[in-house]
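# Remarks on the overall topology
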Amino acid sequence: MTSASPSLAPIPSASTEPSAFAEISQETLALTRRLFVQLARRPSTLVAGVLQPLIWLVLFGALFANAPEGLLPGGISYGRFLGAGVIVFTAFSAALNAGLPVMFDREFGFLNRLLVAPLRSRSSIVFASVLYITSLSLVQSLAIMATAALLGYGWPGGAGLLLVLVTLLLLVFAVTALSLGLAFALPGHIELIAVIFVANLPLLFASTALAPISFMPPWLGWLAALNPLTFAIEPIRAAYAGSFRLTDVVLVAPYGSLNAATCLAILAGLAAGLFLLIRPMLDRKLT
Amino acid sequence: MIELQHLSKRFGGRKVEPVQALDDLSLSVPAGSLYGLLGPNGAGKTTALRILCTLLAPDAGQVQVAGVDALAEPRKVRRLLGYVAQDVAIDKILSGRELLHLQADLHHMPAADRLARTAELIELLAMEAWIDRRCGSYSGGMRRRLDLAAGLLHRPRVLVLDEPTVGLDIESRATIWQVLQQLRDQGTTVLLSSHYLEEVDALADRLAIIDGGRVIAEGTPAALKGALGGDRVTLRVREFSDEQEASRVRDLLQACRGVRQVVVNRAQGYSLNLVVEDSGVVETLRHQLAEAQLPVFALAQSRPSLDDVYLQATGRTLSDAELSVAGRRDLKEERKQSMR
């Protein structure tokens, strides 16, 4: 212990404020780094997260392997049809769980540490989760796509890959925002897990992940055509089928036909809307 | 430096009986002082500090730190403050050093400064031996030192600590006390809450005693104790007396010259607390008790302590107050409010 360390003297606060961008990036990167360090030291989530969709792909693909030729629109094989659904569902599940670490931070009091710090924007907490989940989803998606290619279900190619990336980013942003909003609004992790549990599988079955709308009774077709997952699945499926033009029609819904650009715009709108919705929740207590 | 004015905060409501955590609490902490907030558990200390640190909004009242309104400009106040919370929240997976680096980034410190400052604090708080181990393996004392380092990282002008030494080993406590005194000597305003009398007595330049969400006494420890005057005497005629006997003794004592404020303390087996003007009075007392054929099981005499200040103001000792308060707090609701 030093007796007269000058380090203890307080400093006057800086008179000029650095740019918001620099500060928000510093906060966001630091929070993201924390999530990645946690992942590196506890890799089980990553291992499980990569294995699970592969199991989905292999099992579901095998389940419908003997489906009659020409059953699906465009005459593609079920495995090829399924790939897009599994990619989107995997990213969706990961993003839906994004609120859990934040909820645990809340319960253990770690969040107070973040909230008592002069964060330039508390949105940094959202951005960090989005960065982390998106990177994780990309790793998972690449594993799924590689496995799908090995199983002979095809490969989307360079431009298709870009489309996959953009679509996932939008979906992950929207769902992460939703999950973080729940993590702030619900009383505890039990309730959050309950909501995740109830939302997860029904959203999968009420989407075009496992079957096209043409297979569904009208009421389910409507649900699927309004389900955000569908707006992410169809552009990716189109990319797998070799269509990379944003103007190509990718979804034939009961209310009309949508092209890829419209699907992406809907996802972007959803992401922006949910983000604006949870912003006040982050600042709820003061301001 | 810190001005809390007419703070009120109520917890609970619809389902549970509301608890008035703060009831028109006002407090003024001079710049550069080490200020103690003394009170039993549940007196409102933590609530007051959480409001000061912008983690909780008061129902009514004003908060100013260095002239900045904490309710209007919370971020400015967060820059000025270092806060060491009661429940130390750390990330078990990160090492202590990684946690400090994270904290530095959250305060937007430049990279070079971050490294230098972390190294300084590691040395100051004697953390070299274990700082690169994961936080999950730390003892309570290590966690508290790490948390103090995290609170000091950005060189705050005001350091706020909530019960910083509860349950700590003697070495960690001594380290923390020493650092707090150094900080004060070098110009940092330090505000700490405690329900340890001796801690506040030993450290604080000034203190406020809080009870039931309001300030019931304020001043320097010496002035508060001096204002009471006389010596404190605790007398027991038997290990466990009864009300009848106690009131008999009380009547006898009240008749003596130089004795004042005779209080029967039921919580402690009907012992008697009294104030005597000088030591001679105690001898007289012994004679009188012997003449009345009352035994003396125990008789303790001491200079007034902060507990006497508390006793004088509230009619009960600090430890009795903690017991009575424990029953009427709604910890679940408080926890819910504290979980952001």
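It should be noted that the structure appears before, not after, this text.
This is a predicted model, so every value here is computed, not measured. Within each chain, residues carry numbers counting from 1 in the order of the written sequence. Written order decides the labels, with chains lettered from A and ligands numbered from 1. Local features are withheld for residues below a pLDDT of 70 in this predicted model, meaning they are given only at 70 or higher, and side-chain atom pairs are given and counted only at 80 or more; totals for whole chains, interfaces and linings count all residues.

Another aspect to go through is the overall build of chain B. Secondary structure follows DSSP: runs of H or I at least 4 residues long count as helices, runs of E at least 2 residues long count as strands, and numbering of each begins at the N terminus. Along its length, chain B carries 13 helices and 14 strands. With the principal axes as the frame, chain B shows a C-alpha extent of 80 × 50 × 35 Å. Put simply, a residue is buried when 20 or more other C-beta atoms lie within 10 Å of its own C-beta and exposed when 12 or fewer do; between those, it is partly exposed, and each C-beta is set from the backbone. Expressed as a percentage of its 340 residues, the buried residues of chain B come to 42%. By the criterion used throughout, residues are in contact when their C-beta atoms, derived from the backbone, lie within 7 Å. Long-range contacts, defined here as pairs at least 24 residues apart, represent 70% of the contacts in chain B between residues at least 6 apart.

Adjacent strands of a sheet pair through backbone hydrogen bonds, lying either parallel or antiparallel. All names here are of chain B. Two strands pair if DSSP finds at least two bridges between them. Read across the sheet, 6 strands follow the order 6-7-8-3-9-10 without closing on themselves; strand pairing throughout is mixed. Each edge of the open sheet carries a strand with a single partner, namely strand 6 (81–84) and strand 10 (214–219). Put simply, the sheet's adjacent strands are angled 15° from each other on average, direction ignored. Between N-to-C directions, angles cover 0 to 180 degrees, with each direction set by a line fitted to C-alpha atoms, over the stretch in contact for helices.

Owing to its 3.6 residues per turn, the α-helix aligns residues three or four sequence positions apart on the same side. Burial within helix 3 (residues 96–106) of chain B is extensive, with 9 of its 11 residues counted as buried. Trailing helix 3 of chain B by a residue or two, His108(B) shows a phi angle of about 60°, which is positive.

Before going further, it helps to examine the pairing of strand 1 (residues 2–11) of chain B. All names here are of chain B. As defined by bridge partners, strand 1 adjoins strand 4 (residues 60–65) across 5 bridges and the pair is classed as antiparallel. Considered in strand 4, the bridge of Ser8 is made with Ala60. As judged from the 8 bridges shared by strand 1 and strand 2 (residues 19–29), these two strands associate in the antiparallel manner. Bridging across to strand 2, Arg10 finds its partner in Gln20.

A few words now on the interface of chain B and chain A. At the junction of the two partners, chain B supplies 40 residues and chain A supplies 37 residues. When residues of the side of chain B that touches chain A are traced back to their parent elements, those giving at least two are helix 2 (74–80), helix 3, helix 4 (111–124) and helix 6 (170–185) of chain B. Considering each element in turn, the side of chain B that touches chain A owes the most residues, 5 residues, to helix 2 of chain B. Classes in brief: Ala, Val, Leu, Ile, Met, Phe, Trp, Tyr, Cys and Pro nonpolar; Asp, Glu, Lys and Arg charged; the others, Gly included, polar. Its residues placed into classes, the side of chain B that touches chain A shows 19 nonpolar, 8 polar and 13 charged.

A few words now on the environment of Pro228(A). All names here are of chain A. Mapped onto the elements, Pro228 comes out in helix 10 (residues 228–240). Judged by the 22 C-beta atoms lying within 10 Å of it, Pro228 falls in the buried class. For the pair formed by Pro228 and Leu270, sequence separation is 42 residues and the distance between their alpha carbons is 8.4 Å.

Time to look at the packing of helix 3 (residues 78–96) of chain A against helix 6 (residues 123–150) of chain A. All names here are of chain A. Orientation of helix 3 relative to helix 6, taken along the N-to-C sense of each, is 155°, at an axis distance of 9 Å. One finds that helix 3 runs roughly antiparallel with respect to helix 6. Once helix 3 is placed against helix 6, the crossing between them reads as right-handed. Between helix 3, through Gly83, Val86, Ile87, Thr90, Ala91, Ala94 and Ala95, and helix 6, the contact on the second element is made entirely by Ile133, Leu136, Ser137, Gln140, Ser141, Ile144 and Ala148. When the residues that make up the contact of helix 3 with helix 6 are grouped by side-chain class, the tally is 9 nonpolar, 5 polar and no charged. Working definition: roughly parallel below 35 degrees, roughly antiparallel above 145 degrees, roughly perpendicular at 65 to 115 degrees, and oblique for all remaining angles. Put simply, a crossing is left-handed when the front helix is turned counterclockwise from the back one by less than a right angle, and right-handed when it is turned clockwise.

Residue and element names in this part refer to chain A. At a closest axis distance of 9 Å, the pairing of helix 10 and helix 11 (residues 260–282) adopts a crossing angle of 145°. Considering the relative orientation of helix 10 and helix 11, their crossing is left-handed. Contacts between helix 10 and helix 11 involve Pro228, Phe231, Ala232, Glu234, Pro235 and Ala238 on the former and, on the latter, Ala260, Cys263, Leu264, Ile266, Leu267 and Leu270. Of the residues contributing to the contact of helix 10 with helix 11, the split by class is 11 nonpolar, no polar and 1 charged.

The next thing to look at is the environment of Leu210(A). All names here are of chain A. With respect to the helices, strands and loops of the structure, Leu210 is situated in the loop between helix 8 (189–205) and helix 9 (218–226). Residue Leu210 is classed as partly exposed on the basis of its 19 C-beta neighbours within 10 Å. Considered as a pair, Leu210 and Gly61 are 149 residues apart in the sequence and their alpha carbons are 10.0 Å apart. What Leu210 contacts, discounting residues up to four positions off in sequence, is Gly85 and Phe205.

Right, let's get into the nonpolar core. Residues and elements named next belong to chain A. As used throughout, a nonpolar core is a set of buried Ala, Val, Leu, Ile, Met, Phe, Trp, Tyr and Cys residues joined through C-beta atoms within 7 Å of each other. Val88 and Leu171 are the most contacted members of the largest nonpolar core, which totals 158 residues. The element best represented in this core is helix 7 (residues 157–185), accounting for 14 residues. Those residues in contact with Leu171 that lie beyond four places of it in its chain are Val88, Ala91, Phe92, Pro228, Ala232 and Leu267.

Any link to function would need more than the numbers given here.
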